[in-house]
Amino acid sequence: MEQKEQFYYDNGIVRLFLRATIFWGVTAMTIGLMVAFLFIFPTYMENISWLSFGRLRPLHTNAAIFAFVGNGFMLGMYYSTQRLLKTRMFSDALSRINFWGWQLVIVLAAITLPMGMNSSKEYAELEWPIDILITLVWVAMGANLIGTMIKRRQRHIYVAIWFYISTFATIAVLHIFNNLELPVTLTKSYSVYAGVQDALVQWWYGHNAVAFFLTTPMLGLMYYFVPKAANRPVYSYRLSIIHFWSLIFIYIWAGPHHLLYTALPEWIQNLGTVFSVMLIFPSWGGMINGLLTLRGAWDKVRVDPVLKMFVVAITGYGMATFEGPMLAFKNVNAIAHYTDWIIAHVHIGTLAWNGFIISGMIYWLVQKLYKTELHSVKMANTHFLIGTVGILFYSIPLYIAGFMQASMWKEFTPTGTLKYSFVDTLQAMAPMYAMRAFGGTLYLTGFILLAINVYKTMKKGSFVGDELAEAAPLPVVSGKRAANEHWHSWLERKVVLFTILSTVAILIGGMVQIVPLVFDSSQVEKIATVKPYTPLELEGRDIYIREGCNNCHSQMIRPFRNEVERYGEFSKSGEFVYDHPFLWGSRRTGPDLQREGAEKRHKDNMWHFRHLLDPRSIETRSIMPSYAWLISDDLDYSDLEAKMKGLRKLGVPYTDAEISGAKTALEKQAAGIAATLEADSGFQKEFVAQGLEVKKKEITAVIAYLQRLGTDIGKSK
Amino acid sequence: MSNEKKSFWSKWTKAHDIETEEEILLDHNYDGIQELDNVLPPWWVTGFIITVIISIFYYIMIFQGHYKQEDELKAEIAEFQAYKKANPELFKENYDLPALTDAESLAAGKAIYTTNCAACHVADGGGLVGPNLTDNMWKHGGGMKNVFTTISDGVPNTAMRAWKSGGGALTAVQRQQVSSFVLSLQGTTPANPKAAEGSVKWPE
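Predicted, not measured: the structure shown is a model, and the values here were computed from it.

## Observations concerning the overall build of chain B
Right, so step 1: The secondary structure content of chain B amounts to 7 helices and 2 strands.
Right, so step 2: Mapped from its N terminus to its C terminus, chain B presents α and β elements in the order α-α-α-α-α-β-α-α-β.
Right, so step 3: Its C-alpha radius of gyration of 35 Å places chain B more than 25% over the 17 Å reference for a compact globule of 204 residues.
Right, so step 4: Projecting the C-alpha coordinates of chain B onto the three principal axes gives extents of approximately 105 × 45 × 35 Å.
Right, so step 5: The burial tally for chain B puts 28% of its 204 residues in the buried class.

## Let's talk about the overall build of chain A
Right, so step 1: Tallying secondary structure elements over chain A gives 29 helices and 4 strands in all.
Right, so step 2: Against the globule reference of 27 Å for 717 residues, chain A gives a C-alpha radius of gyration of 27 Å, in line with a compact fold.
Right, so step 3: Along the longest, intermediate and shortest principal axes, the C-alpha atoms of chain A span 90 × 50 × 50 Å.
Right, so step 4: Looking at the 717 residues of chain A, the share that counts as buried comes to 58%.

## A short note on helix H4 (residues 128–150) of chain A
Right, so step 1: Between the first and last C-alpha of H4(A) there are 33 Å, a value that for 23 residues agrees with the 33 Å anticipated at 1.5 Å per step.
Right, so step 2: Taken residue by residue, H4(A) has Trp128(A), Ile130(A), Asp131(A), Ile134(A), Val137(A), Ala140(A), Met141(A), Gly142(A), Asn144(A), Leu145(A), Thr148(A) and Met149(A) as its buried positions.

## A closer look at the interface of chain B and chain A
Right, so step 1: Between chain B and chain A, the contact holds 51 residues from the first and 57 residues from the second.
Right, so step 2: Going through the elements one at a time, helix H2 (42–64) and helix H3 (69–86) of chain B are the ones with two or more residues in the side of chain B that touches chain A.
Right, so step 3: Taken together, the residues of the side of chain B that touches chain A sort by class into 29 nonpolar, 12 polar and 10 charged.

## Let's talk about the domain arrangement of chain B
Right, so step 1: The assigned domain composition of chain B is domain 1 (3–64) and domain 2 (103–201).
Right, so step 2: The centre of domain 1 of chain B, based on its C-alpha atoms, is set 69 Å off from the matching centre of domain 2 of chain B.

## Considering the environment of Asp633(A)
Residue and element names in this part refer to chain A.
Right, so step 1: Summarising the element assignment, Asp633 is placed in the loop between helix H24 (629–632) and helix H25 (640–649).
Right, so step 2: Separated by 28 residues in sequence, Asp633 and Gly661 have C-alpha atoms that sit 24 Å apart.
Right, so step 3: Sequence-distant contacts of Asp633, defined by excluding residues within four places in its chain, comprise Lys697 and Glu698.

## Details of the nonpolar core
Right, so step 1: The biggest cluster of nonpolar side chains holds 251 residues, and the ones touching the most others in it are Phe17(A), Leu200(A), Phe310(A), Ala313(A), Ile357(A) and Val702(A).
Right, so step 2: The residues touching Phe17(A), leaving out its near neighbours within four places in the chain, are Asn71(A), Met74(A), Leu75(A), Tyr78(A) and Phe99(A).

## A short note on the environment of His580(A)
Residue and element names in this part refer to chain A.
Right, so step 1: Within the secondary structure layout, His580 lies in the loop between helix H21 (561–567) and helix H22 (605–613).
Right, so step 2: Considered as a pair, His580 and Ile357 are 223 residues apart in the sequence and their alpha carbons are 38 Å apart.
Right, so step 3: The contacts of His580, once residues within four sequence positions are left out, are Tyr190, Ser191, Ala194, Asp198, Leu647 and Leu650.

## Section: the confidence of the model for chain B
Right, so step 1: Taken over all residues, the pLDDT of chain B has a mean of 89, while the share at 70 or more is 97%.
Right, so step 2: Prediction confidence for the complex, expressed as pTM and ipTM, is 0.93 and 0.90 respectively.

## Here we look at helix H12 (residues 305–327) of chain A
Quick reminder: α-helices carry 3.6 residues per turn. Residues three or four places apart thus point the same way.
Right, so step 1: Helix length check: H12(A), at 23 residues, gives a terminal C-alpha distance of 32 Å against a target of 33 Å (1.5 Å per residue), a fit within 8%.
Right, so step 2: In terms of burial, H12(A) is a largely internal element, 18 of the 23 residues being buried.

## What to know about the pairing of strand E3 (residues 188–191) of chain A
Right, so step 1: Both faces of E3(A) are covered, namely the face carrying Lys188(A) and Tyr190(A) and the face carrying Ser189(A) and Ser191(A).
Right, so step 2: If you look at the hairpin formed by strand E2 (residues 181–185) of chain A and E3(A), you'll find 2 residues sitting between the two strands.

## Observations regarding the packing of helix H5 (residues 159–178) of chain A against helix H8 (residues 237–251) of chain A
Residue and element names in this part refer to chain A.
Right, so step 1: With their axes 11 Å apart at the nearest point, H5 and H8 run at an angle of 10° to one another. It follows from the interaxial angle that H5 and H8 lie roughly parallel. Across from Val159, Trp162, Phe163 and Ser166 in H5, the residues of H8 making contact are Ser240, Phe244 and Ile248.
Right, so step 2: Looking at the contact of H5 with H8, its residues break down into 5 nonpolar, 2 polar and no charged.

## Side note on the domain arrangement of chain A
Residue and element names in this part refer to chain A.
Right, so step 1: Structurally, chain A comprises domain 1 (8–474) and domain 2 (535–716).
Right, so step 2: Between the C-alpha centres of domain 1 and domain 2 the distance comes to 34 Å.
Right, so step 3: Those elements giving two or more residues to the side of domain 1 that touches domain 2 turn out to be helix H2 (53–84), E2, E3, helix H6 (195–213), helix H14 (340–369) and helix H16 (422–428).
Right, so step 4: Among the residues forming the side of domain 1 that touches domain 2, the class breakdown is 22 nonpolar, 14 polar and 8 charged.

## Structural notes on the packing of helix H10 (residues 280–293) of chain A against H12(A)
Residues and elements named next belong to chain A.
Right, so step 1: The geometry of H10 relative to H12 is characterised by a closest axis approach of 9 Å and an angle of 170° between their N-to-C directions. Relative to H12, the element H10 is oriented roughly antiparallel. Every residue of H12 that contacts H10 at Ile280, Ser283, Trp284, Gly286, Met287, Gly290 and Leu291 is listed here: Ile314, Tyr317, Gly318, Thr321, Phe322 and Pro325.
Right, so step 2: Its residues placed into classes, the contact of H10 with H12 shows 8 nonpolar, 5 polar and no charged.

## Some remarks on the pairing of E2(A)
Right, so step 1: Strand direction decides the pairing type here: E2(A) and E3(A), joined by 4 bridges, are antiparallel. What sits directly across from Pro183(A), in E3(A), is Ser189(A).

## Describing unusual backbone geometry
Right, so step 1: Note the cis peptide between His580(A) and Pro581(A), where omega equals -5°.
Right, so step 2: When you line up the elements, Pro581(A) lands in the loop between H21 and H22.
Right, so step 3: Here the amide bond leading from Trp202(B) into Pro203(B) is cis, since omega sits at -5°, within 30 degrees of zero.
Right, so step 4: The backbone of Asn47(A) sits at a positive phi, close to 65°, despite the residue not being glycine.
Right, so step 5: Residue placement: Asn47(A) occurs in the loop between helix H1 (11–38) and H2.
Right, so step 6: Backbone geometry at Tyr261(A) places phi at a positive 65°, although glycine is not the residue there.
Right, so step 7: Along the polypeptide, Tyr261(A) turns up in the loop between H8 and helix H9 (266–278).
Right, so step 8: Given 23 C-beta atoms within 10 Å, Tyr261(A) falls into the buried group.

Quick notes on the rules
Think of each chain on its own: its residues are numbered from 1, step by step along the sequence as written. Key to labels: chains lettered from A, ligands numbered from 1, both in the order written. Restriction of local features to residues with pLDDT of at least 70 applies here, the model being predicted, together with a cutoff of 80 or more for giving and counting side-chain atom pairs; totals for whole chains, interfaces and linings are based on all residues. By definition, any uninterrupted DSSP run of H or I lasting at least four residues is a helix, any uninterrupted run of E lasting at least two residues is a strand, and each is numbered from the N terminus. To get the radius of gyration, use the C-alpha atoms; to get the globule rule, take the number of residues to the power 0.38 and multiply by 2.2 Å. Partly exposed residues are those whose C-beta has more than 12 but fewer than 20 other C-beta atoms within 10 Å; with 20 or more the residue is buried, with 12 or fewer it is exposed, and the C-beta atoms are placed from the backbone. Between the first and last residue of a helix there are one fewer steps than residues, each counted as 1.5 Å, and that sum is the expected span. Note on contacts: each residue gets a C-beta atom placed from the backbone, and two residues are in contact if those atoms are within 7 Å. Three categories are distinguished: nonpolar for Ala, Val, Leu, Ile, Met, Phe, Trp, Tyr, Cys and Pro, charged for Asp, Glu, Lys and Arg, and polar for the others, with Gly belonging to the last. Residue ranges labeled as domains rest on an automatic or database domain assignment. Buried Ala, Val, Leu, Ile, Met, Phe, Trp, Tyr and Cys residues form a nonpolar core when they are connected through C-beta atoms within 7 Å. Values of pLDDT, which run from 0 to 100, indicate the predictor's confidence residue by residue. Strands were regarded as paired on the criterion that DSSP finds at least two bridges between them. For helices, the fitted axis covers only the stretch in contact; all axes are lines through C-alpha atoms, and the angles between them, taken along N-to-C directions, range from 0 to 180 degrees. Working rule for angles: under 35 degrees goes down as roughly parallel, over 145 as roughly antiparallel, 65 to 115 as roughly perpendicular, anything else as oblique.

And the structure:
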């Protein structure tokens, strides 16, 4: 035992992730701000297709989640894992593959998402080749983590590592199963699941990406950096055990609370609700273990920006994880869903919990890595202050906006009509959007202060890439549990078993919900009149996905009188059986479109043409982007047959004749739409005389798709 | 902190006294991080158990009660029907309202027109997506009753929505005002008139 071995911690990899975290943090927040300003000045980037809202919004969420928080997690993980296991990482090569591979993924995302290459599924928008790359990089990270555990010099693995293991295993499972898709071309694929099944798998993923990419890794960081920075022992080891296992087991069941009042079978919806309620205390276990670790260090919290940030982060975590279960109650969800309430909720999570734990960690780490004091504590305190105020300015107006919009949506006049048009509700929120953008500006400014502070600290310090350390080698002991050994203590030295058990814990909930829905055909009702899309409609739907229309327009009418009045008959699960992927959306910045082509919502082709060309020419208060490029660009349907064949493999009953005649059918339908437009004398003068051959343009496909929406069900009556 | 307060707090957390925390300090040492063996806070355990019990009850009761979310819509509609029955005067639709000619009503009508109609019919009535309203050719009949009906009920399968219902619907008085304003456009000269549509000449 006395014989100590010398080895070197790899600080080089930590520094790489440190730089990347700060760089991508600034980038993600800047894009967020660009998007926030579109709500106030909808035309300031007009007619630049790759800067339209539908394409930037996925870029913002992906950058914030995977680029900023992802790099932040890896930064803390690579630093703490080596020290907690008393060894260098298993493989320097894997560490670098992890780093550069992850940056490559981000750069590819930053290129492809603005180009409109996306699979539409939230936080999983990247197309299949990048999905494969993510899987490889993620497995490299996991192999490195597990390899490091195996060669460790510390008998037991600490709670931070438990959370890292769970993060690795669960994200791998979620990513792979949610992104099962059939490639059609290099940049286009269709989800193997359709409609309601796709929705469930997506929100099993979406919810648990929040859980296992934005929560468990951050808890792991908290368990290392909070006691380190406060120099206090962790409050309760037992609480760590209980809340870790209950958290990961219960979390995975809660996904369906994103689909309350939808066409998802109700037994699954209700499981989402009850497991969300049961999740409150496992989540709070992490919060109280974090906050109570600061017992006896509160005098330090008052002066140390690192600890201040940790306190706000953990408090934000506690707030968000209480609010989440409240939002999972059907009666609360009925108000909050589709509104900005949800946007406020998630930003408490990202700005306070993720953003501040990462910022606090960076301030602490840069001093350790560069063996010096922080360039300016005052500046860090300023960051803390304006960041906190920024969070308040961001979230409070959006909470109000969400509640207000939901109330306006459902307000009826005494004569039984809806009091407000959709755009009335949007207009009412304009001041809140301005305040939100102000809050976001403050938060970004604070983070830029961090970047400057860190840069200056790096300048004055001296970095040691390979840090000398020593520890005694681990003597071999029996793998069997010793007589007086606590079972969990035993498990903490059986790392492979630990990994397997934590994976089993997260598989159960998902399987109970997903397997019956995917394989039991009685779960989805059958509607005989629901038919596959025509070739032109299919191309239109793919353009709808490309433009990210689903980021603002839902296609899921809930069974409420006000929604039925505004949008038509509520949605049925059987209506979506040919939708690969589903396009239910999660936020209504614009009205629901599920029945856009049907009675109540129907408009003629000319209306759609002019509205897509310039929404403000039809509704002056609209904040929708204009889509002039749909009118100037020719429709490319060269992959049509491949698309239809692909969909047929997934169960869409296209016949051979339909596929071989697809191009002709497409051209005919496009010509028909063009003819209705060209019949108008104003259109002749304004467009045909200028040489526009509208039948060749993308807009015919989009109009065809919009006119089809919601019409199948009417035929059954 | 007063003694009373402290005892209340410690009863709820059962946290070990910080002064004597060495007694419960575990022999763990992870890169200098140690762990205390504080018991689970009783409030936390109680809360956890309560949420589990609530959840089980909720789930069972939902099935026992044969609750269906669709029933909420049915109840909402039934409630509205009852209200409608109790207040028939609010739902009497009169399509025989006279055209208004006073300046105040026409101004009100113009304001409604500008907000709701000008997008398709243009501010001066010249027409764009919708037909020209200044000529005397009509697709669905001219005159007060026809115009009021078209505005109230809309035209199926066109962008002309029904203004008596749906989001941002207009009251009967508002529809009367805007119909009157539309009729007042007859014979005016718009900047970019759309060619006449419709087969009904009104007045003959």
